[in-house]
Amino acid sequence: MSHGHDHSHGSHGHDPHGHDHHEPGFLGKYVFSVDHKVIGIQYAVTSLVFLLVGFTMMLIMRWQLARPDEAVPIIGGLLARLGITNAGTRSLLPEGYNMLGAMHGTIMVFLGVVPLAVGGFGNYVMPLQIGAKDMAFPKLNMMSYWVFLAGGIVMLASFGANGGAAQSGWTSYPPLSNIALSGQTWWLVGMVLLITSSLLGSVNFITTIFHLRAKGMSLWKMPFFVWGQLVTAFLLLLAFPPLEAAGVLQLMDRVADTSFFMPAGLYVGDKPVTSWTGGGNPLLWQHLFWFLAHPEVYVLILPAMGIVGEVLANNTRKPLWGYKTLVYSIIFLGFMSFIVWAHHMYMTGMGTAISTFFQATTMIISIPSVIILTCFIISLYGARIRYNTPMLFAISFLPMFAIGGLTGLPLGLAAADIHLHDTYYVIGHFHYVVAPGTIFALFAGIYHWFPKATGRRMNEFLGKLHFWPSLIGMNMIFGPMFFVGIAGVQRRLWTQVDYNLGQLTQSWVVFSSVGAAVLGLAQIPFIINFFSTALAGRKVTQNPWDATTLEWAAPSPPPHGNFLTEPVVYCGPYEYSVPGKKSDFCPQCQPMEA
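Note that the structure is predicted; figures quoted are calculated from it, not measured.

**Some remarks on the overall build of the protein**
When helices and strands are counted, the protein shows 15 helices and 4 strands. Its C-alpha atoms give the protein a radius of gyration of 24 Å, near enough to 25 Å, the size a compact globule of 594 residues would have. By its C-alpha atoms, the protein is 80 × 55 × 50 Å across when sized along the principal axes. The buried share of the protein, taken over its 594 residues, is 58%. Restricting the contact set of the protein to residue pairs at least 6 apart, pairs at least 24 apart contribute 77%. Accessible surface, the protein: about 23000 Å² in total, of which carbon and sulfur atoms supply 69%.

Structure follows, in structure tokens:
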């Protein structure tokens, strides 16, 4: 994929990083690049590969749930070498199911969605939208990608560890995770690397947004997407250090015989679990973990909301309704996300008073989400909507996120949560937020900004062939989980039909698995579209969507240094259909005369 950097050097005065005097070689330009656009593409492509890996793990788990103890097709033999399937029957082993469960969650969140939403879109689009030449710290930016890649490689390599990959769930609760096999140690090392990568990125984002905005770009003239990235960067900066600390402490418990999370007196049969158990507290891990992992949910959703806002404004041809309200809502959402974490812990017996506090904050945090959805829906009212592929994904985000949010309310109430906790209902709830919700928004972003990154527009027919089966497949997978969960079936069961409860809901489970197959097949047109367009797609003009924001003022693809002349901002980000104007859009970098 050519990024068009070759012809740019020396074409516009001197470059801020002093790169003009020599042309970097292939490695310097595409591999160890400090250009935010190349790094953004590296992040995006790497995280899409990880999403595919995580998705494949899910397909294997769904196969086992629908057809317990049957041989895994095609790759069953290969999985036997990793200790995931039985060498003789090639059916999934219980410990193999646990490995896939733990790694699916970890890979999708930390190696898939976050690096795509923040590392990919944030890196590529945000500096262009604020009119910056690059990020504030280009070398730190490069480092953040390579540390992320190292973390991902360690995670995948853990399947080859003695006893296989981590098996303690993506939440990795002690004391189970403290005494698990060596794959858990690899998991912790991988997590520490991934967290470090996010911290390097977040410092860079905050500095860039505050210091490198173009002339005339006040905070209230920033696109909604940039606000989403800014709040997300603060969440990463403040929420990740507690988990990094917790990861190091758990690593110490495993390799240095400390007992931060190991309680005394744990026995299996008549033998103590370990000879060195001290007075540690497993609940301490839960607090540290959820203090990150709840803000983490908003790290997933805020960039997604930012993308949806951009695509909606562009394809309704009218300003985003309630722009300032939207901005205040995501700032409030970011703040509140730090005081709801223990709603994951109602079952730990922490007492009714503290449960009531977290119940109240959880109800409060649903309010800004509703406001954001309302603003988006009102933006659609009375618009002549262009139903292109990015818009279809962006519109479908709204009901999917709404279902995810609404089904979360019973889980936020301590009394209801006692019955629903750790059932399939929980899986249905948060997957509606992060799968058809967030991932659909990310697809909208890929289709929307692909012409900016490559100068070529993705095929509309293949795009729609990707969208409709994806929408159907997503709802087939996660819709039935609410019924299975309300029936009382627990999550993380390797087979459900061994239980009377599970036999009653097995038909829904099979239906979900068919949905997973539909969703898998639906990604084939996307993969074909992505690569064929990158190599030989239809070339488009600099601003194919007639968009107003600053990134479309740069050539497509943008050269090194982004803009041919330094942009100056004259108006807000969404001046669409302004009365009395000749064209239906006024770019931010053009004065507002008629």
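**A few points about empty space enclosed by the protein**
Tallied over the entire structure, the rule returns 8 cavities of 30 Å³ or more. Looking at the largest cavity, it is lined by 17 residues, and the ones nearest its centre are Ile 41, Ala 44, Phe 121, Phe 450 and Ala 453. Contributions of two or more residues to the lining of the largest cavity are made by helix 2 (36-66), helix 4 (94-129) and helix 13 (424-454). A per-class count over the lining of the largest cavity returns 14 nonpolar, 3 polar and no charged. Lining of the second largest cavity is provided by 18 residues; of these, Tyr 43, Val 114, Pro 115, Ser 197 and Ser 198 occupy positions nearest its centre.

**Observations regarding helix 9 (residues 323-336)**
Helix length check: helix 9, at 14 residues, gives a terminal C-alpha distance of 20 Å against a target of 20 Å (1.5 Å per residue), a fit within 8%. Of the residues making up helix 9, those classed as buried are Tyr 323, Leu 326, Val 327, Ser 329, Ile 330, Leu 333, Gly 334 and Met 336. Of the surrounding secondary structure, the elements contacted by the buried residues of helix 9 are helix 7 (224-255), helix 8 (282-316) and helix 10 (352-380).

**What to know about unusual backbone geometry**
For the bond from Pro 174 to Pro 175, the omega torsion is 0°, close enough to zero to count as cis. Position of Pro 175 among the secondary structure elements: in the loop between helix 5 (138-157) and helix 6 (183-211). A cis amide bond links Ser 556 to the next residue, Pro 557, at an omega of -5°. Summarising the element assignment, Pro 557 is placed in the segment after strand 4 (538-539). Phi is positive for Asp 69, close to 65°, though the residue is something other than glycine. Here Asp 69 shows up in the loop between helix 2 and helix 3 (76-81). Although it is not a glycine, Arg 492 sits at a positive phi angle of roughly 60°.

**Thoughts on the packing of helix 4 against helix 8**
One way to put it is that helix 4 packs onto helix 8 with a least axis distance of 10 Å and a crossing angle of 45°. With respect to their mutual orientation, helix 4 and helix 8 come out oblique. Two packed elements cross with a definite hand, and for helix 4 against helix 8 that hand is left-handed. Across from Val 109, Phe 110, Val 113, Val 114, Ala 117, Val 118, Phe 121 and Gln 129 in helix 4, the residues of helix 8 making contact are Leu 292, Glu 296, Val 299, Leu 300, Pro 303, Ile 307 and Glu 310.

**Examining the nonpolar core**
Among the nonpolar cores identified, the biggest contains 168 residues, and Met 103, Phe 224, Leu 302, Met 305, Phe 376, Phe 397 and Ile 446 are the most heavily contacted of them. Residues in contact with Met 305, not counting those within four places in the same chain, are Phe 224, Ile 372, Phe 376, Phe 397 and Phe 401.

**Looking at a nonpolar patch on the surface**
Together, Phe 332, Phe 335, Ile 364, Ile 367 and Ile 371 make up an exposed nonpolar region whose accessible area comes to about 440 Å². Counting only elements with at least two residues in the nonpolar patch, the list comes to helix 9 and helix 10. Take the nonpolar patch: its biggest share by element is 3 residues, from helix 10. Mapped onto the secondary structure, Ile 364 falls in helix 10.

**Observations regarding the packing of aromatic side chains**
All chains considered together, the criterion is met by 42 aromatic pairs. Each ring, one from Tyr 43 and one from Tyr 145, has its centre 5.3 Å from the other, and the planes form 80°; the classification is edge-to-face. Of this pair, Tyr 43 sits in helix 2 while Tyr 145 sits in helix 5, placing them 102 residues apart in sequence. Taken individually, Tyr 43 and Tyr 145 each receive the classification buried, so the pair is uniform in this respect. Above the face of the Trp 220 ring, Lys 324 is positioned so that its terminal group lies 4.7 Å from the ring centre.

**Topic: the layout of surface pockets**
In this structure, the second largest pocket encloses a volume near 400 Å³. Listed by contribution, the elements that provide at least two residues to the lining of the second largest pocket are helix 2 and helix 15 (500-536). Top contributing element to the lining of the second largest pocket by residue count: helix 2, with 6 residues. The residue inventory of the lining of the second largest pocket, partitioned by class, reads 12 nonpolar, 2 polar and 2 charged.

**Some details on the packing of helix 7 against helix 9**
Taken N-terminus to C-terminus, the directions of helix 7 and helix 9 make an angle of 10°; their axes are 10 Å apart at the nearest point. The angle between the axes of helix 7 and helix 9 places the two elements in the roughly parallel class. Between helix 7 and helix 9, the residues in contact are Phe 224, Trp 227, Gly 228, Val 231 and Leu 235 and Tyr 323, Leu 326, Val 327, Ile 330, Ile 331 and Gly 334, respectively. Grouping the amino acids of the contact of helix 7 with helix 9 by side-chain chemistry returns 9 nonpolar, 2 polar and no charged.

**Brief notes about the environment of Asn 98**
Within the secondary structure, Asn 98 sits in helix 4. In this structure Asn 98 comes out as partly exposed when scored by relative accessible area, which is 31%. The sequence separation of Asn 98 and Ala 165 amounts to 67 residues, and the corresponding C-alpha distance is 9.0 Å.

**Considering the pattern of salt bridges**
Counted according to the given criterion, the structure contains 7 salt bridges. The shortest N-O distance in the salt bridge between Glu 70 and Arg 67 comes to 3.4 Å. Glu 70 gets classed as partly exposed once you look at its relative accessible area, which sits at 34%. Overall, Arg 67 belongs to the partly exposed group, its relative accessible area being 39%. Glu 460 serves as the salt-bridge partner of Lys 464, at 3.4 Å between the closest nitrogen and oxygen. Separated by 4 residues within a single helix, Lys 464 and Glu 460 lie in helix 14 (residues 460-486), roughly one turn from each other. Relative accessible area serves as the criterion here: at 22%, Glu 460 is assigned to the partly exposed category. Put simply, Arg 457, Glu 460 and Lys 464 are held in one network by salt bridges that share partners.

Rules of the game
- Residues numbered from 1 in each chain as written.
- Predicted model: local features only at pLDDT ≥ 70, side-chain atom pairs only at ≥ 80, totals over all residues.
- Heavy atoms only, no water.
- Helix = DSSP H or I, 4+ residues; strand = E, 2+ residues; numbered from the N terminus.
- Rg over C-alpha atoms; globule rule 2.2 N^0.38 Å.
- Buried < 20%, exposed > 50% of the residue type's maximum accessible area, 1.4 Å probe, protein only.
- Contact = heavy atoms within 4.5 Å.
- Areas by Shrake-Rupley, 256 points an atom, 1.4 Å probe, with all protein chains shown as cover.
- 1 Å grid on protein atoms, 1.4 Å probe; cavity = no way out; pocket = protein on both sides within 12 Å on 5 of 7 lines; lining within 4 Å.
- Points joined across faces, edges and corners; volume = space filled by probe spheres on them.
- Nonpolar A, V, L, I, M, F, W, Y, C, P; charged D, E, K, R; others polar.
- Expected span 1.5 Å × (residues − 1).
- Axes fitted to C-alpha atoms, helices over the stretch in contact; angles between N-to-C directions.
- Parallel < 35°, antiparallel > 145°, perpendicular 65-115°, else oblique.
- Left-handed = near helix turned anticlockwise from the far one by under 90°.
- Core = buried A, V, L, I, M, F, W, Y, C linked by side-chain atoms within 4.5 Å.
- Patch = residues over 30% accessible without salt bridge, like charges linked within 9 Å, V, L, I, M, F, W, Y side chains within 5 Å.
- Salt bridge = Lys/Arg side-chain N within 4 Å of Asp/Glu carboxyl O.
- Phe/Tyr/Trp six-rings, centres within 6.5 Å; stacked < 30°, edge-to-face > 60°.
- Lys NZ or Arg CZ within 6 Å of the ring centre and 35° of its normal.

Read these as geometric descriptors, not functional statements.
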